[in-house]
Amino acid sequence: MSYKSPLATTTNFGLVQVGTGISVTDGVISGSTGLLNYGFFADGTQTNPVANAINIVTFTVTGPTNGISITGGNAITVVNAGTYTKLFTTIINKTSGGTSSISIWLRLNGVDVTGSRQDLELTNTLSQIFSSGNFTLNIPAGGNIQMCWSSADTTVQLAALPAAVGPVRPTGDSIKVTLTRIS
């Protein structure tokens, strides 16, 4: 199979039609970052100081981002309107016996998102349990999401993992969230 040289120009489409979001410079095809909005955010231990209260997750670690940021310490805010998918992981621990539950859910612009809640039933004392989930939603330009959680048991918390040895292992954040624009 042979190709035109270069693969594409602004006047000769070749194999790729140059248009919105795609450009060609000296035969090199590039995509704009318009749809590539993403952000990674995390934090360490978060306690449950009041039973049955809404705890809004705070974020102190920001990883790679483009068009998404943290505002007010707890709101993941987007620059561009679009459909986003949110993935999260948590490490939960419970330091007392008995059975308790924890609810984790999402807010969009300060309003609880219907269908976003997940519940975990925690039995006896747990050193750690790993939880993950995802949700896809439309977010307007300048909109934000927040992660919320609650438990009737004040001994339930989102817990970070300390560094370990034998073999050497890094720390682990109590919550990690990745938000990616998919359209």
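Anything mentioned here points back to the structure above.
Along each chain, the written sequence defines residue order, and numbers are assigned to residues from 1. Predicted model: local features are reported for residues with pLDDT of at least 70 only, side-chain atom pairs are reported and counted for 80 or more only, and whole-chain, interface and lining totals are derived from all residues. To get the side-chain values, all heavy atoms of the structure are used, and hydrogens and water are removed first.

**Q** Which parts of the structure should I look at to understand the side chain of Ser100?
**A** Checked against the element boundaries, Ser100 lands in strand S9 (residues 99-108). A distance of 2.7 Å separates polar atoms of two side chains, one belonging to Ser100 and the other to Asp153. When neighbours within four sequence positions are excluded, Ser100 is seen to be in contact with Lys94, Leu120, Glu121, Leu122, Asp153 and Val156. Working definition: helices are DSSP H or I runs of at least four residues, strands are E runs of at least two. Numbering for both runs from the N terminus. Pairs of N or O atoms within 3.5 Å make up the polar contacts considered here, provided that, within protein, one atom can donate a hydrogen while the other can accept it, and that residues adjacent in sequence are counted only when both atoms are side-chain atoms. Two residues form a contact once any of their heavy atoms are found within 4.5 Å.

**Q** Looking at this structure, how should I read the pattern of salt bridges?
**A** Where charged atoms of side chains with opposite charge meet at close range, the side chains can pair. By definition, a salt bridge exists where a carboxyl oxygen of Asp or Glu is found within 4 Å of a side-chain nitrogen of Lys or Arg. One pass over the structure, following the stated rule, counts three salt bridges. Here Lys94 ties to Asp153 by a salt bridge, and the two come within 3.3 Å at their closest N and O atoms. Of this pair, Lys94 sits in strand S8 (residues 82-94) while Asp153 sits in the loop between strand S13 (144-151) and strand S14 (156-158), placing them 59 residues apart in sequence. Note on classification: 1.4 Å probe, protein chains only; a residue is buried when its accessible area is under 20% of the maximum for its type, exposed when over 50%, partly exposed between these limits. For Lys94, a relative accessible area of 0% corresponds to the buried category.

**Q** Would you explain the pairing of S13 in this entry?
**A** Regular strands show a simple pattern: their side chains alternate between the two faces of the sheet. With eight of eight residues buried, S13 lies mostly within the body of the structure. As defined by bridge partners, strand S4 (residues 55-56) adjoins S13 across two bridges and the pair is classed as antiparallel. Bridge pairing in S13 places Asn55 opposite Trp149. Taken together, the two bridges between strand S7 (residues 75-78) and S13 define a ladder with antiparallel strand orientation. Across the sheet, the residue bridging to Thr77 is Asn144, located in S13. For two strands to pair, DSSP has to find at least two bridges joining them. In this sheet, S13 lies alongside S9 in antiparallel orientation, the contact comprising seven bridges. Counterpart to Ser103 in the pairing with S13 is Ser150.

**Q** What exactly am I supposed to notice about the nonpolar core here?
**A** Soluble globular proteins tend to bury their nonpolar side chains together. Counting 24 residues, the largest nonpolar core has Phe59, Ile76, Ile102, Met147 and Leu179 as its most contacted members. Among the elements of the structure, S7, S8, S9, strand S12 (126-139), S13, S14 and strand S15 (175-181) are those that each provide at least two residues to this core. With residues near it in sequence (within four places) discarded, Ile102 still touches Ile92, Gln118, Asp119, Leu120, Leu122, Trp149, Ser150, Ser151, Val156 and Leu158. Throughout, nonpolar core names a set of buried Ala, Val, Leu, Ile, Met, Phe, Trp, Tyr and Cys residues whose side chains join them through atoms within 4.5 Å.

**Q** Can you help me understand the environment of Thr89 in this one?
**A** Among the secondary structure elements, Thr89 is positioned in strand S8. C-alpha of Thr89 to C-alpha of Ser131: the two residues are 42 residues apart in sequence and 5.6 Å apart in space. In contact with Thr89, not counting residues within four places along its chain, are Phe130, Ser131, Ser132, Ser174, Ile175 and Lys176.

**Q** Looking at this structure, I do not really get the side chain of Ser150. What am I missing?
**A** In this fold, Ser150 is placed in strand S13. A relative accessible area of 14% means that Ser150 is categorised as buried. A distance of 2.9 Å separates a polar atom in the side chain of Ser150 from the backbone oxygen of Ala53. Setting aside chain neighbours within four positions, we find Ser150 in contact with Asn52, Ala53, Asn55, Ser101, Ile102, Ser103 and Trp105.

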